[in-house]
Amino acid sequence: MKATVNGDELDLPDGATVGDVLRAIKAPETGIAVAHGDAVVPRAAWETTPVHDGDGIEVLTAVQGG
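Structural notes, computed from the coordinates. Given the structure is predicted, the values throughout are model-derived calculations rather than measurements.

Below, the discussion takes up the overall build of the protein chain. A tally of regular secondary structure across the protein chain gives 1 helix and 5 strands. Reading the helices (α) and strands (β) of the protein chain from amino to carboxyl end gives β-β-α-β-β-β. Taken over the C-alpha atoms alone, the protein chain extends approximately 40 × 25 × 20 Å along its principal axes. Counting only residues that meet the buried cut, the protein chain has 33% of its 66 residues in that class. Considering only contacts within the protein chain whose residues lie at least 6 apart along the sequence, 53% involve residues at least 24 apart. Total accessible area computed for the protein chain in this model is approximately 4,300 Å², and 53% of it derives from carbon and sulfur atoms. A distance of 8 Å separates the average location of the 4 positive side-chain charges in the protein chain from that of its 11 negative side-chain charges.

The next thing to look at is unusual backbone geometry. The phi torsion at N6 lies on the positive side, around 50°, for a residue other than glycine. Its place among the elements puts N6 in the loop between strand 1 (2-5) and strand 2 (8-11). In the Ramachandran plot, K26 falls in the positive-phi region, its phi being about 55° despite a non-glycine side chain. With respect to the helices and strands, K26 occurs in the loop between helix 1 (18-24) and strand 3 (32-36).

The next thing to look at is the pairing of strand 2. One ladder, built from 4 bridges, connects strand 1 with strand 2; its direction is antiparallel. Opposite A3, over in strand 2, you have L10 as the bridge partner. With antiparallel pairing between neighbouring strands as the criterion, strand 1 and strand 2 make up a hairpin whose turn holds 2 residues, including N6 at a positive phi of roughly 50°.

Turning next to the environment of N6. For N6, a relative accessible area of 36% puts it in the partly exposed group. Between the alpha carbons of N6 and L60 there is a distance of 8.6 Å; along the sequence they are 54 residues apart.

Reading guide: rules and limits
Residues take numbers from 1 onward in each chain, read along the sequence in its written order. Totals for whole chains, interfaces and linings use every residue, but because this is a predicted model, local features are given only for residues with pLDDT of at least 70 and side-chain atom pairs only at 80 or more, for both listing and counting. Calculated side-chain values reflect all of the structure's heavy atoms, with hydrogen atoms and water omitted. Secondary structure elements follow DSSP: runs of H or I of four or more residues count as helices, runs of E of two or more count as strands, with numbering from the N terminus. When a residue's accessible area, from a 1.4 Å probe over protein chains only, is under 20% of the maximum for its type it is buried; when over 50% it is exposed; and in between it is partly exposed. Residue contacts are defined here by distance: any two heavy atoms, one from each residue, within 4.5 Å place the two residues in contact. For every accessible area listed, the method is Shrake-Rupley and the probe measures 1.4 Å; residues are considered covered only by the protein chains on display. In summary, the charge assignment counts Lys and Arg as positive and Asp and Glu as negative, without counting His or the chain termini. Here the site of a charge means atom NZ of a Lys, CZ of an Arg, CG of an Asp or CD of a Glu. For two strands to pair, DSSP has to find at least two bridges joining them.

See below:
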């Protein structure tokens, strides 16, 4: 299956979750937010939120500054 992550296509196994996506792209474990489609996915749901073929996922990194 294929999903688009931050604008790049990513091959994933069937049954993949948001947590699997984050591991595949080697995302940091803290300081990030994840949007799946139009909804933010709470950290507690990363391992149980399924990703389907064609889904779009955005991984955002928190940045400090002023």
